[in-house]
Amino acid sequence: EVVVAAVSSSAMMHHCNSCVFTLAVKQLRLHDSDAVALHLHSLSGPIIEHCQHVAFAPNDLHWPEVPELLQQASLGVEASAWSEVQDFNWLKRQASPNWRVVPSGKRRQSLEWQSAEEVLRHFQDEPLPPALPELMLYESCWDSTDATVDEF
């Protein structure tokens, strides 16, 4: 799992497999990736290309300095286009099979800490490789009986 409070530019990620990212960026581009959960704050819609099983949820990182970090990176505190995904490999009008918005009832608990140091301590205590339970939870987003039009 990768946690990034604020990036003052774009993030371009390639070949991510079985990963969880929590980040705030101006723009996100994800290429050649599979089984990725993104807890995202973005000023523009994320772009995916050659990706499968990408789950999107709003950024859920909270500690007292986060609003200031977002402001310093010119990311805005409230505005976020995290769910306006563009799949460059899916040009049809129907919803792309390559990504889903995680329904609010299936999202993980927010990451709430008091400081950046507490975040570091949390992840230092995790075993390697870390367990990524939300990836298993989010797999159900691709079960056609569990999805509704509102979740795409």
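Up top is the structure these notes are about.
Just so we're clear, the structure is a prediction, and the values are computed from it rather than from any experiment.

Engineer: I keep staring at the side chain of histidine 39 and nothing clicks. Help me out?
Structural biologist: Relative to the assigned elements, histidine 39 resides in strand 5 (residues 34-42). When near neighbours in sequence (up to four residues on either side) are disregarded, histidine 39 contacts Val20, Phe21, Thr22, Leu23, Ala57, Pro58, Asn59, Asp60, Arg108, Glu134 and Tyr138.

Engineer: Looking at this structure, I do not really get the sheet that holds strand 1 (residues 2-4). What am I missing?
Structural biologist: For sheets, the rule is that strands pair by backbone hydrogen bonds, running either parallel or antiparallel. Strand order in the open sheet formed by five strands is 1-3-5-7-10, with parallel pairing between adjacent strands. A single partner strand is all that each edge strand has here, and the edge strands are strand 1 and strand 10 (99-101). Across the sheet, the mean angle separating the axes of adjacent strands is 15° when strand polarity is ignored. Two strands pair when backbone bridges link them, and strand 3 (residues 17-25) and strand 5 are joined in this way by eight bridges, in the parallel orientation. The residue bridging phenylalanine 21 from the neighbouring strand is leucine 38, located in strand 5.

Engineer: I'm lost on the nonpolar core in this one. Help?
Structural biologist: Nonpolar side chains in soluble globular proteins generally cluster together in the buried interior. Ranked by size, the top nonpolar core spans 19 residues in total, and within it Leu28, Leu30, Leu38 and Phe56 carry the most contacts. When residues of this core are traced back to their parent elements, those giving at least two are strand 2 (10-14), strand 3, strand 4 (27-31), strand 5, strand 7 (52-58) and strand 10. Ignoring sequence-local partners within four residues, the contact set of leucine 30 consists of Met13, Cys16, Val36, Leu38, Ile47, Ile48, Glu49, Cys51 and Val54. If you look at the next biggest cluster of nonpolar residues, it comprises eleven residues, including Ala24, Leu75, Leu111 and Trp113.

Scoring rules and cut-offs
Residues numbered from 1 in each chain as written. Predicted model: local features only at pLDDT ≥ 70, side-chain atom pairs only at ≥ 80, totals over all residues. Heavy atoms only, no water. Helix = DSSP H or I, 4+ residues; strand = E, 2+ residues; numbered from the N terminus. Contact = heavy atoms within 4.5 Å. Pairing = 2+ DSSP bridges. Axes fitted to C-alpha atoms, helices over the stretch in contact; angles between N-to-C directions. Core = buried A, V, L, I, M, F, W, Y, C linked by side-chain atoms within 4.5 Å. Buried < 20%, exposed > 50% of the residue type's maximum accessible area, 1.4 Å probe, protein only.

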